[in-house]
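These are the residues of each chain, in order.
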Protein chains: 2
Amino acid sequence: MTSTLYAAYRHPEDPEAFDRHYAETHAPLGLALPGLRSFTGTHPGPGPDGAAPAYYFVAALAFDDDAAMNAALSGPEGAAAVADLANFAGAGVDLMTGSTTSYL
Amino acid sequence: MTSTLYAAYRHPEDPEAFDRHYAETHAPLGLALPGLRSFTGTHPGPGPDGAAPAYYFVAALAFDDDAAMNAALSGPEGAAAVADLANFAGAGVDLMTGSTTSYL
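Conventions adopted
- Residues numbered from 1 in each chain as written.
- Chains lettered and ligands numbered in written order.
- Predicted model: local features only at pLDDT ≥ 70, side-chain atom pairs only at ≥ 80, totals over all residues.
- Heavy atoms only, no water.
- Least-squares fit on C-alpha atoms with pLDDT ≥ 70 in both.
- Contact = heavy atoms within 4.5 Å.
- Buried < 20%, exposed > 50% of the residue type's maximum accessible area, 1.4 Å probe, protein only.
- Helix = DSSP H or I, 4+ residues; strand = E, 2+ residues; numbered from the N terminus.
- Pairing = 2+ DSSP bridges.
- Buried area = accessible area lost by both parts, 1.4 Å probe.
- Salt bridge = Lys/Arg side-chain N within 4 Å of Asp/Glu carboxyl O.
- Polar contact = N/O pair within 3.5 Å; in protein donor to acceptor, adjacent residues only side chain to side chain.
- Nonpolar A, V, L, I, M, F, W, Y, C, P; charged D, E, K, R; others polar.
- Axes fitted to C-alpha atoms, helices over the stretch in contact; angles between N-to-C directions.
- Parallel < 35°, antiparallel > 145°, perpendicular 65-115°, else oblique.
- Phe/Tyr/Trp six-rings, centres within 6.5 Å; stacked < 30°, edge-to-face > 60°.

Participant: Explanation requested: the relation of the copies chain A and chain B in the structure shown.
Facilitator: Superposing the two chain copies requires a rotation about an axis and a translation along that axis. Placing chain A over chain B gives an RMSD of 0.0 Å and needs a rotation angle of 180°, together with 0.0 Å of translation along the axis. Taken together, these values place the two copies in the relation of a two-fold axis. Relative to the rotation axis, the C-alpha of A60(A) is the closest in chain A, positioned 4.9 Å from it. Interface residue correspondence from chain A to chain B reaches 100%, placing this contact among same-surface, isologous pairings.

In C-alpha coordinates, the structure reads:
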(Lines give C-alpha, C1' and ligand atoms only; values in the text may rest on other atoms or scores of the structure.)
Protein backbone atom coordinates (compact mmCIF):
# COMPACT_ATOMS: atom_id res chain seq x y z
CA MET A 1 0.00 0.00 0.00
CA THR A 2 1.38 3.38 -1.01
CA SER A 3 0.43 6.77 0.39
CA THR A 4 -0.86 9.71 -1.59
CA LEU A 5 -0.98 13.47 -1.16
CA TYR A 6 -3.75 15.08 -3.17
CA ALA A 7 -3.67 18.82 -3.70
CA ALA A 8 -6.97 19.97 -5.20
CA TYR A 9 -6.88 23.60 -6.31
CA ARG A 10 -9.93 25.84 -6.62
CA HIS A 11 -10.44 27.82 -9.80
CA PRO A 12 -7.91 30.69 -9.86
CA GLU A 13 -8.70 34.20 -11.00
CA ASP A 14 -5.91 33.99 -13.58
CA PRO A 15 -5.54 30.43 -14.87
CA GLU A 16 -2.58 31.28 -17.09
CA ALA A 17 -0.64 32.77 -14.20
CA PHE A 18 -1.52 29.74 -12.08
CA ASP A 19 -0.30 27.29 -14.72
CA ARG A 20 2.90 29.25 -15.29
CA HIS A 21 3.71 29.43 -11.59
CA TYR A 22 2.91 25.76 -11.15
CA ALA A 23 5.12 24.64 -14.03
CA GLU A 24 8.04 26.97 -13.31
CA THR A 25 8.09 27.06 -9.52
CA HIS A 26 5.72 24.73 -7.71
CA ALA A 27 6.26 21.50 -9.66
CA PRO A 28 10.06 21.76 -9.13
CA LEU A 29 9.43 22.21 -5.39
CA GLY A 30 7.27 19.08 -5.44
CA LEU A 31 9.89 17.15 -7.37
CA ALA A 32 12.41 18.00 -4.65
CA LEU A 33 10.45 16.05 -2.03
CA PRO A 34 12.50 13.05 -0.87
CA GLY A 35 10.95 9.63 -1.49
CA LEU A 36 8.55 10.85 -4.17
CA ARG A 37 7.46 7.88 -6.31
CA SER A 38 5.02 9.50 -8.72
CA PHE A 39 3.73 13.02 -9.32
CA THR A 40 0.90 13.81 -11.68
CA GLY A 41 -1.31 16.77 -12.45
CA THR A 42 -4.78 16.82 -14.02
CA HIS A 43 -6.85 19.74 -15.28
CA PRO A 44 -10.40 18.37 -15.13
CA GLY A 45 -12.69 19.26 -17.99
CA PRO A 46 -16.34 20.27 -17.77
CA GLY A 47 -18.79 17.61 -16.64
CA PRO A 48 -21.14 15.79 -19.05
CA ASP A 49 -23.70 18.55 -18.39
CA GLY A 50 -21.14 21.26 -19.22
CA ALA A 51 -20.79 22.31 -15.58
CA ALA A 52 -17.42 23.58 -14.38
CA PRO A 53 -15.47 20.91 -12.47
CA ALA A 54 -15.21 21.15 -8.70
CA TYR A 55 -11.50 21.99 -8.96
CA TYR A 56 -9.27 23.68 -11.50
CA PHE A 57 -6.33 21.35 -11.00
CA VAL A 58 -5.64 18.16 -9.06
CA ALA A 59 -2.09 17.09 -8.22
CA ALA A 60 -1.32 13.60 -6.89
CA LEU A 61 2.00 12.80 -5.22
CA ALA A 62 2.69 9.20 -4.21
CA PHE A 63 5.15 7.83 -1.66
CA ASP A 64 6.03 4.33 -0.48
CA ASP A 65 4.09 4.67 2.77
CA ASP A 66 2.81 7.13 5.37
CA ALA A 67 6.21 7.34 7.08
CA ALA A 68 7.96 8.39 3.87
CA MET A 69 5.19 10.85 2.99
CA ASN A 70 5.12 12.43 6.42
CA ALA A 71 8.91 12.70 6.51
CA ALA A 72 8.91 14.45 3.14
CA LEU A 73 6.15 16.86 4.08
CA SER A 74 7.59 17.73 7.48
CA GLY A 75 11.10 18.31 6.14
CA PRO A 76 12.53 21.49 4.63
CA GLU A 77 11.41 20.56 1.09
CA GLY A 78 7.83 20.08 2.29
CA ALA A 79 7.92 23.38 4.15
CA ALA A 80 9.16 25.14 1.02
CA ALA A 81 6.39 23.64 -1.10
CA VAL A 82 3.70 24.53 1.43
CA ALA A 83 5.08 28.07 1.80
CA ASP A 84 4.88 28.52 -1.98
CA LEU A 85 1.10 27.88 -1.96
CA ALA A 86 0.61 31.47 -0.83
CA ASN A 87 2.21 32.63 -4.08
CA PHE A 88 -0.36 31.13 -6.46
CA ALA A 89 -3.15 29.25 -4.66
CA GLY A 90 -5.06 32.16 -3.20
CA ALA A 91 -8.35 30.75 -4.52
CA GLY A 92 -7.90 27.84 -2.13
CA VAL A 93 -6.44 24.37 -2.11
CA ASP A 94 -7.66 21.22 -0.37
CA LEU A 95 -4.74 19.10 0.76
CA MET A 96 -5.54 15.47 1.55
CA THR A 97 -3.19 12.68 2.59
CA GLY A 98 -3.83 9.02 3.20
CA SER A 99 -2.94 5.41 2.56
CA THR A 100 -3.85 4.22 -0.91
CA THR A 101 -5.31 0.88 -1.91
CA SER A 102 -4.73 -0.43 -5.42
CA TYR A 103 -7.73 -2.34 -6.78
CA LEU A 104 -6.22 -3.37 -10.10
CA MET B 1 -0.15 11.48 -21.30
CA THR B 2 -2.79 9.34 -19.62
CA SER B 3 -6.29 10.37 -18.59
CA THR B 4 -7.76 10.17 -15.13
CA LEU B 5 -11.21 9.98 -13.61
CA TYR B 6 -11.32 11.23 -10.04
CA ALA B 7 -14.34 10.41 -7.92
CA ALA B 8 -14.21 12.44 -4.71
CA TYR B 9 -16.85 11.34 -2.20
CA ARG B 10 -18.27 13.56 0.53
CA HIS B 11 -18.44 12.23 4.08
CA PRO B 12 -21.21 9.62 4.26
CA GLU B 13 -23.63 9.30 7.15
CA ASP B 14 -22.59 5.69 7.63
CA PRO B 15 -18.91 5.23 6.73
CA GLU B 16 -18.96 1.49 7.38
CA ALA B 17 -21.88 0.96 5.02
CA PHE B 18 -20.14 3.13 2.43
CA ASP B 19 -16.90 1.16 2.65
CA ARG B 20 -18.73 -2.17 2.49
CA HIS B 21 -20.74 -1.16 -0.58
CA TYR B 22 -17.66 0.24 -2.25
CA ALA B 23 -15.60 -2.89 -1.69
CA GLU B 24 -18.32 -5.41 -2.50
CA THR B 25 -20.20 -3.68 -5.31
CA HIS B 26 -18.75 -0.45 -6.63
CA ALA B 27 -15.08 -1.41 -6.96
CA PRO B 28 -16.02 -4.50 -9.03
CA LEU B 29 -18.10 -2.25 -11.30
CA GLY B 30 -15.09 0.03 -11.70
CA LEU B 31 -12.83 -2.92 -12.44
CA ALA B 32 -15.17 -3.94 -15.26
CA LEU B 33 -14.47 -0.73 -17.19
CA PRO B 34 -12.67 -1.57 -20.44
CA GLY B 35 -9.21 -0.05 -20.86
CA LEU B 36 -8.69 0.61 -17.14
CA ARG B 37 -4.96 0.95 -16.44
CA SER B 38 -4.92 1.71 -12.73
CA PHE B 39 -7.54 2.08 -10.02
CA THR B 40 -6.75 3.33 -6.54
CA GLY B 41 -8.68 4.51 -3.52
CA THR B 42 -7.55 6.77 -0.68
CA HIS B 43 -9.24 7.58 2.61
CA PRO B 44 -7.67 10.94 3.54
CA GLY B 45 -6.80 11.46 7.17
CA PRO B 46 -7.34 14.62 9.21
CA GLY B 47 -5.25 17.64 8.29
CA PRO B 48 -2.23 18.79 10.33
CA ASP B 49 -4.62 20.96 12.35
CA GLY B 50 -6.91 17.98 13.04
CA ALA B 51 -9.60 19.24 10.67
CA ALA B 52 -11.71 16.71 8.77
CA PRO B 53 -10.52 16.27 5.17
CA ALA B 54 -12.55 17.79 2.36
CA TYR B 55 -13.63 14.32 1.19
CA TYR B 56 -14.16 10.95 2.81
CA PHE B 57 -12.74 8.94 -0.06
CA VAL B 58 -10.96 9.68 -3.34
CA ALA B 59 -10.88 7.12 -6.15
CA ALA B 60 -8.57 7.55 -9.15
CA LEU B 61 -9.08 5.55 -12.34
CA ALA B 62 -6.51 5.91 -15.12
CA PHE B 63 -6.84 5.16 -18.82
CA ASP B 64 -4.46 5.42 -21.77
CA ASP B 65 -6.05 8.60 -23.11
CA ASP B 66 -9.26 10.61 -23.26
CA ALA B 67 -10.68 8.44 -26.06
CA ALA B 68 -10.29 5.26 -24.00
CA MET B 69 -11.67 6.92 -20.87
CA ASN B 70 -14.67 8.39 -22.65
CA ALA B 71 -15.42 5.10 -24.38
CA ALA B 72 -15.33 3.27 -21.05
CA LEU B 73 -17.55 5.80 -19.29
CA SER B 74 -20.10 6.04 -22.08
CA GLY B 75 -20.41 2.26 -22.50
CA PRO B 76 -22.63 -0.12 -20.55
CA GLU B 77 -20.00 -0.69 -17.83
CA GLY B 78 -19.71 3.06 -17.25
CA ALA B 79 -23.47 3.42 -17.11
CA ALA B 80 -23.68 0.62 -14.54
CA ALA B 81 -21.02 2.24 -12.36
CA VAL B 82 -22.67 5.66 -12.54
CA ALA B 83 -26.09 4.15 -11.80
CA ASP B 84 -24.66 2.50 -8.69
CA LEU B 85 -23.64 5.87 -7.21
CA ALA B 86 -27.25 6.36 -6.12
CA ASN B 87 -26.92 3.29 -3.92
CA PHE B 88 -24.15 4.59 -1.63
CA ALA B 89 -23.03 8.13 -2.53
CA GLY B 90 -26.03 10.10 -1.33
CA ALA B 91 -23.77 12.52 0.54
CA GLY B 92 -22.41 13.65 -2.82
CA VAL B 93 -19.58 12.84 -5.17
CA ASP B 94 -17.50 15.14 -7.37
CA LEU B 95 -16.56 13.40 -10.61
CA MET B 96 -13.68 14.96 -12.51
CA THR B 97 -12.04 13.77 -15.72
CA GLY B 98 -9.05 15.11 -17.61
CA SER B 99 -5.72 14.51 -19.26
CA THR B 100 -2.93 13.83 -16.81
CA THR B 101 0.65 15.06 -16.96
CA SER B 102 3.38 13.08 -15.25
CA TYR B 103 6.08 15.31 -13.72
CA LEU B 104 8.35 12.57 -12.47
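Participant: Explain the pairing of strand β3 (residues 57-63) of chain A here, please?
Facilitator: Residues and elements named next belong to chain A. Here β3 lies mainly inside the structure; seven of its seven residues are buried. Here β3 shows no split at all, with F57, A59, L61 and F63 on one side and V58, A60 and A62 on the other all buried. The pairing of strand β1 (residues 2-9) with β3 spans seven bridges and is classified as antiparallel. Each residue of the ladder has a partner; that of Y6, found in β3, is A60.

Participant: What exactly am I supposed to notice about the interface of chain A and chain B here?
Facilitator: By a frequent convention, interface size equals the accessible area lost on bringing the separate parts together. Chain A puts 31 residues into the contact, and the matching count from chain B is 31 residues. Here chain A packs against chain B, burying approximately 2,400 Å² in sum over the two surfaces, 64% of which is carbon and sulfur. If you sort the residues of chain A by the area they bury against chain B, Y6(A), Y103(A) and L104(A) come out on top, with a joint share of 28%. The tally of links between chain A and chain B comes to zero salt bridges. Along the contact surface separating chain A from chain B lie eight residue pairs in polar contact (both at pLDDT 80 or more). If you list the elements that add at least two residues to the side of chain A that touches chain B, you get β1, α1 (15-31), β2 (38-42), β3 and β4 (93-102) of chain A. When grouped by side-chain class, the residues that make up the side of chain A that touches chain B number 16 nonpolar, 13 polar and two charged. Where β4(A) and strand β2 (residues 36-42) of chain B come together, three bridges link them in antiparallel fashion. Within β2(B), the residue paired with T100(A) across the bridge is T42(B).

Participant: What is the right way to read the side chain of T100(A) from this model?
Facilitator: Take T100(A): it is sitting in strand β4. Reaching out from T100(A), the side chain makes a polar contact with the side chain of T42(B) at a distance of 2.6 Å. When neighbours within four sequence positions are excluded, T100(A) is seen to be in contact with M1(A), T2(A), S3(A), T4(A), T40(B), G41(B) and T42(B).

Participant: Explain the environment of L36(B) to me, please; I cannot follow it from the model alone.
Facilitator: All names here are of chain B. Within the secondary structure, L36 sits in strand β2. Residue class for L36 comes out buried when judged on its relative accessible area of 9%. The sequence separation of L36 and A68 amounts to 32 residues, and the corresponding C-alpha distance is 8.4 Å.

Participant: Help me understand the packing of α1(A) against helix α3 (residues 76-84) of chain A, please; the structure alone is not making it clear to me.
Facilitator: Residues and elements named next belong to chain A. Two elements in contact, α1 and α3, have axes whose closest approach is 8 Å; the angle formed by their N-to-C orientations is 155°. By the criterion of interaxial angle, the relationship of α1 to α3 is roughly antiparallel. Residues H21, T25, H26 and L29 of α1 pack against A80, A81 and D84 of α3. Taken together, the residues of the contact of α1 with α3 sort by class into three nonpolar, three polar and one charged.

Participant: For this particular structure, what's the right way to read the packing of aromatic side chains?
Facilitator: Each aromatic ring pair is summarised here by two numbers: the centre-to-centre distance and the angle between the ring planes. Scanning the model with the defined rule gives 26 aromatic pairs over all chains in all. Arranged with centres 6.1 Å apart and planes meeting at 70°, the rings of F18(B) and F57(B) form a pair that is edge-to-face. Here F18(B), found in helix α1 (residues 15-31), pairs with F57(B), found in strand β3 (residues 57-63); they are 39 residues apart in sequence, far enough to count as distant. For the pair formed by F18(B) and F57(B), the shared burial category is buried. One aromatic cluster in this structure is built from Y9(A), F18(A), Y22(A), F39(A), Y56(A), F57(A), F88(A) and Y103(B).

Interpretation in functional terms is not warranted from these geometric data alone.
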